[in-house]
Each structure stands twice: as structure tokens, then as C-alpha cells.
Amino acid sequence: MRNIIIIAVILLFFLHQDFWWWGDGSLVWGFMPVGLAYHAAYSVAAGLVWALAVKFAWPQTVEDEAGEAAERDEGAATPS
Amino acid sequence: MTSLVIIVGYLILLLGLGVFSARFFRGTSADYFVASHSIGPFLLLMSVFGTTMTAFALVGSTGKAFDKGIGVYGLMASWSGLIHSAIFFLVGIKVWAIGKRYGYVTQCQFFRARFESPTLGYLLFPILVGLVIPYLLIGLLGAGAVMRGLTVGFFPDLFPGVMNPNLGRMQFVGSIPPWLTGLVVSCVVLTYVFLGGVRSTAWANTFQTLVFMTTGIIAFWMIAKRLGGFSAASAQVLANTPQHLAREGMIGRLEFFTYCFVPLSVGMFPHLFQHWLTAKSARTFRLTVIAHPIFIMIVWVPCILIGIWAAGAGIKAPGGNANAVLGTMVAELVDSPALTGLLVAGILAAIMSSLDSQFMCLGTMFTNDIVFRLFGVDRFDDKRKIFLARAFIVLIVSITYLLTFFPPPHIFDLGVWCFSGFGSLFPLVFGAVYWRRMTRGGAIAGVLVMVATWLWLFTRDMMYKGAGGGDSLILGMMPVAIIFSATLLTMVVVSLMTRPPAPATVEKFFPNASRERQTG
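Residues numbered from 1 in each chain as written. Chains lettered and ligands numbered in written order. Predicted model: local features only at pLDDT ≥ 70, side-chain atom pairs only at ≥ 80, totals over all residues.

J.: Requested: an account of the overall build of chain B, with residues and values cited.
T.: In terms of regular secondary structure, chain B is built from 21 helices and two strands. Its C-alpha atoms give chain B a radius of gyration of 23 Å, within 12% of the compact-globule value 24 Å for 520 residues. Per-residue burial over chain B gives 57% buried out of 520 residues. Here the contacts in chain B between residues at least 6 apart in sequence split such that 85% fall between residues at least 24 apart. (Helix = DSSP H or I, 4+ residues; strand = E, 2+ residues; numbered from the N terminus. Rg over C-alpha atoms; globule rule 2.2 N^0.38 Å. Buried ≥ 20, exposed ≤ 12 C-beta atoms within 10 Å, placed from the backbone. Contact = placed C-beta atoms within 7 Å.)

J.: Mind laying out the overall build of chain A, listing which residues take part and the relevant values?
T.: Helix and strand counts for chain A stand at three helices and two strands. In chain A, the order of α-helices and β-strands from amino to carboxyl end is α-β-β-α-α. When burial is assessed residue by residue, chain A has 26% of its 80 residues classed as buried.

J.: I'd like a rundown of the interface of chain B and chain A, residues and numbers included.
T.: It is common to report an interface's size as the accessible area lost on association of the parts. Contacts between the two partners involve 58 residues from chain B, matched on the other side by 41 residues from chain A. Taken together, the elements giving at least two residues each to the side of chain B that touches chain A come down to helix H2 (29-34), helix H5 (71-102), helix H9 (230-240), helix H10 (253-258), helix H12 (285-312), helix H14 (337-375) and helix H21 (511-519) of chain B. Per-element accounting of the side of chain B that touches chain A gives the leading share, 17 residues, to H5(B). For the side of chain B that touches chain A, the residue count by class is 35 nonpolar, 14 polar and nine charged. (Nonpolar A, V, L, I, M, F, W, Y, C, P; charged D, E, K, R; others polar.)

J.: Tell me what's going on with the packing of helix H8 (residues 178-226) of chain B against H12(B), and back it up with residues and numbers.
T.: All names here are of chain B. It is the contact of H8 with H12, at a shortest axis distance of 9 Å, that shows an interaxial angle of 35°. Helix-helix and strand crossings are classified by hand; for H8 and H12 the assignment is left-handed. Together, Met213, Gly216, Ile217, Phe220 and Ile223 of H8 and Ile298, Val299, Pro302, Cys303, Leu305, Ile306 and Trp309 of H12 make up the contact between the two elements. When grouped by side-chain class, the residues that make up the contact of H8 with H12 number eleven nonpolar, one polar and no charged. (Axes fitted to C-alpha atoms, helices over the stretch in contact; angles between N-to-C directions. Left-handed = near helix turned anticlockwise from the far one by under 90°.)

J.: Can you lay out the confidence of the model for chain A for me, pointing to particular residues and giving the numbers?
T.: With 82% of its residues at a pLDDT of 70 or more, chain A shows a mean pLDDT of 84. Residue range residues 73-80 of chain A is modelled with pLDDT below 50. Its contacts to residues more than four positions away, or to other chains, number 20 contacts. (pLDDT = per-residue confidence, 0-100.)

J.: Tell me about unusual backbone geometry, and name the residues and values.
T.: Positive phi values are uncommon outside glycine, yet Trp29(A) reaches one of about 55°. Its location among the elements puts Trp29(A) in the loop between strand S1 (27-28) and strand S2 (32-33). Unusually for a residue other than glycine, Glu116(B) sits at a positive phi of about 50°. As for its position among the elements, Glu116(B) is in the loop between helix H6 (107-114) and helix H7 (118-150).

J.: How would you explain the nonpolar core if you had to name every residue and give the values?
T.: The biggest cluster of nonpolar side chains holds 189 residues, and the ones touching the most others in it are Trp300(B), Ile304(B), Ile347(B) and Ile393(B). When residues no more than four places from it in sequence are discounted, the contact partners of Ile347(B) are Ala55(B), Leu58(B), Val59(B) and Val146(B). (Core = buried A, V, L, I, M, F, W, Y, C linked by C-beta atoms within 7 Å.)

J.: Help me get a handle on H6(B), residues and values and all.
T.: Residue and element names in this part refer to chain B. Counting buried positions along H6 yields eight of eight residues, so the element is predominantly enclosed. Along H6, the residues classified as buried are Gln107, Cys108, Gln109, Phe110, Phe111, Arg112, Ala113 and Arg114. With its phi angle positive at about 50°, Glu116 sits one or two positions after the end of H6.

J.: Which residues make up the packing of helix H3 (residues 41-52) of chain B against helix H11 (residues 270-277) of chain B, and what values do they have?
T.: Residues and elements named next belong to chain B. Where H3 contacts H11, the axes come no closer than 10 Å and their chain directions differ by 180°. The orientation of H3 with respect to H11, classified from their angle, is roughly antiparallel. Every residue of H11 that contacts H3 at Ser47, Val48 and Thr51 is listed here: His271, Leu272 and His275. Here the residues of the contact of H3 with H11 sort into two nonpolar, four polar and no charged. (Parallel < 35°, antiparallel > 145°, perpendicular 65-115°, else oblique.)

Here is the structure:
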């Protein structure tokens, strides 16, 4: 799953360059320029991909590490 | 007068919330600087979103879409949605864990320890402060300009306006002058930052983010209604300025692509670094990572549509200033004092939600990176630490306010250059958390190359503008692409040529990798 998410993020990176709508000024739903609708959907897709990343590729070890250390170092405010 | 009541009411509410949140202040320096790592998912999302979205999200996006059409969304918003969340996920969580583990509250502390180099800390400090200060100035000057434009005629007896020698008449008669707006904004922000530190900042940012998101949606709805509905508004654009509906001839393809380097700046913003550290746990980041791109869409899509509708409706930008288009649309089409008041409150909210975090982080940096380094942290008890931080925050707010009376030329052009500087430093933080082999020499050389390249391209751009305008592109690319590449290349090459970090440092910052190596 982690690999699928990496591929999805890379794909999203390249899908940003939507040259196929570049000169297209047509409207969808009667008011939304197609290029803007595409990029609005792109933002939603980005949210969905990051939701998948959070669900299936969450760095659990980082969380545990900080948790263990925080208990150990409780009270430390500023380092010298 | 309704507008003014709404604006004053908003400021009083904000102040009240700041004072109320300060009641939760635990009286320790850890609470003042990082809210004792106690901020939950919703507050983190709202404070991080509010901090990254400046007034540009409402005013600048509309103005830029008025000039360049819908491509502005892809250029700035959709890139940011993807890349900001990637940075929160890949860098933010790691930085939070390291910061919590070793008690870091500033970037200089972290980089100094990771690269075993006090020199790097001293080198980075003026660069980070130097890149934040113009950003602060833009916020205060922007607030002044917006307030002046939207309150014309409010107090003709108090403020006679300013003489415009080109027009031969008075301008902005009766409007609130920028010095007064700057003073009020500075005092409000200072009060809650002073009292509750980063916890009050997070609470205030949450309120401000809700205000500017709601305002944007209300303004969008009312403007669309007055233009005859969504379809009629867009039909006017199709008929009168169809170029605004696409990107051909408005934005270059290379510019569109290389803008991806600009949102990397969030990885190096000192104020975001501090907000990350306030999180209660790594899990707290989950909501921010998922919702950030969608929040950007909610704010930006209406503003981009308002911008292109203004172009289609033949609205004239006052004095050629596209940033005034949103205010003009509200004034000419809606003519509602309540909406004007809400709009000003929303714009102030967007500005102040960034300003407070920046003031807070500069106070934290001066206290921790200068005073504690020079005199030793053990000489100060918690009360003195908080006193020092507060004193520095007052000093920084005062200096910034005074600087607004002497703004450097092209201050608003400086905004994108600040972002470019932070974005070009991104390899430093990414390498620090992911590349064990990255060395002190690589980090220092990379930072120096970044400064040199930035100064060279910045000076070139300012001279170009001084000679008669023009944009900042180089071979069709954003300058940040060049500065970033030079910085990255230098960091990699010099790191490979110099001695690797000490094993103890690698073990300290990459404990899992060391464990895996031992078990493998």
C-alpha cells in the first residue's frame, strides 16, 4: 500500500501540469472554467491521497520514539 | 458606521479570546514557547492554515486572477495543497518528534545540534530573521492599505485624506489612515501574544481562520447574486474577456511548473516550525495533512472566480491596483455596510493570523538563540525566560511598526522573494531529517550558496524593475528554481566531500536507522 501511495503522489505531481486544458476556456456546470474545475478537483484528490497516506503509511515509529523520549525527558523546556 | 461596528466588534472579540486563552497559560517557558505540546488536531489545523494563508489568500488571489485569469489557482493553490501537506507529513512529524525528544523550540537549536555546528546556528539566525521581517512589514502595510481603501468617507472630520499631486485633489478623504490601522493591529496582536504566548496565538488563529473563510464565502455568494447568478457572471467573462477562462497567453508553462518550488517554503518557516512543536502527538498532524488542501480550495476557488468575474464585468482596478478589486467589487456591486465590515474583518483576520505567529517566533528566537546562547540558559529561571521573551516580542512589534513609516522600495515584490529564500533552504531541513550522511560542511556551504544566489538574482530583479518594470522570471522559470537547485547541489556535493557526522549524532537523530542496522 505504501508503494501505491508513493506512486499516487508522484502521479499527482505530474497531473498538475494539465497541458490538455491549457487553452480550453469552456465552462462546466454553466459557470466553472474547466481548468479551474480540474484544479479544484485536484485539491480534493490531494486531500484523498493524503488521507490514504495517513491511514496506510503513517510513520508509527516516529510517534513511539517521541512518546518514549517525552516520558523520559518530561519537564525539559529549553536545551542549552 | 455599521462597517466600523463590525470591525471594532471583531477586534474586541479577538482580544477577548486571546485574554481568555491566556487563562490556560501554565506559567512555564515550555508552555509559553510550545504550549507544553498540548495542542489538539482542530487547533493545529486552524493555526497552521491561518498562519500559511496571508491576506494574499483573499485580496491578492482575487487581484492576480483579475490580471492573469484562472491559472493563478493552479500556480499557487493546487501546488500548495499537494506540497504543504507533503511537508507536514514528511518533515513536520519528524521535526515534531525530534523537537519533543530534545526540547528544541527554534530551528537554530535543531540545526546546530543536528550538524554539530554553533556556526550554522549563528549563520541561520540573521537569514531567518531577515526573511521574516519583510513578511511582517507586508502584513502591517497591507492591513493599512486595505483599511484605508474600504473606509473612505467614514470620518471626514477626523481624517482629511492625502493630496495626490498627479490628480491634483485629495484622496482617501475620511478613511482610517495606515498608521492608525498598524497601531491598532500591532496592539491587539501584541496583547494576546504577550499574555498567552503560542497557546493564545493558536486560539486566536483558529478564530481568525474561521472569520476569513466565512467572509470569503459570504462575499462570493453576494457578489454572484448581484451579477445575476454564477452562470450569468461567468457568461460575461466568456463574452468579454475569454482569455481569463484559460491559461494560454496568460501564464507560461515553465512558470506554472516551477512555481512548485515556492510552497516548499513552509518547510523552513520559523513560525510554522514553532506551531508544529505545539502538537500534542504525531497523530495530531493527521487532520492537518488531510484537510489542508481542501481548506485551500474552499478559500481560493471563490476568490479566483470573483477575480475573473470582475474582469468580465469590466470593473476597473482603482489606480491600476489589482489588489483593490475585491474591495471595489464589494463596494460597487453589493454596497452593503455589513459586508464591507465583514470583508475588512476577514482581511484583517487573514493578516493577523500570520502576524501573531511571526511576532511570537521572532521573540522566541531572540530569547533562545541569542540571549540563552550568550549568557547560558541555566542563568535564567522560568519567570525570567518568559519575561525576556515578552520583552523581545514588545521590541520586535515596536520596531516593525516604526519600520512601516519607512518601507523599503518594492516591499510588496519582496514577498515572493521571502518565500523563495525559505523555499530554497528546504534541502537543509529535508536533508537534516532524512540524510544521515549530510554534514556540517554541506549545510553551511549550501546556506552560503543560497544567500549568494538569492542576493544576486534579487539585486538583478530589483534593478530590472527600477529600470522600468517586468516580471521576475528567468528563462521563463521562477528564480526559486535556480536558487533551490544551486543550494541542493552544493549541499550534496560538499556533504559527500567532507567527513560524515559523528556516530553519536547519527544515533541521536536517526535512532531507528541505527537499530535497524544493528538488528539487520
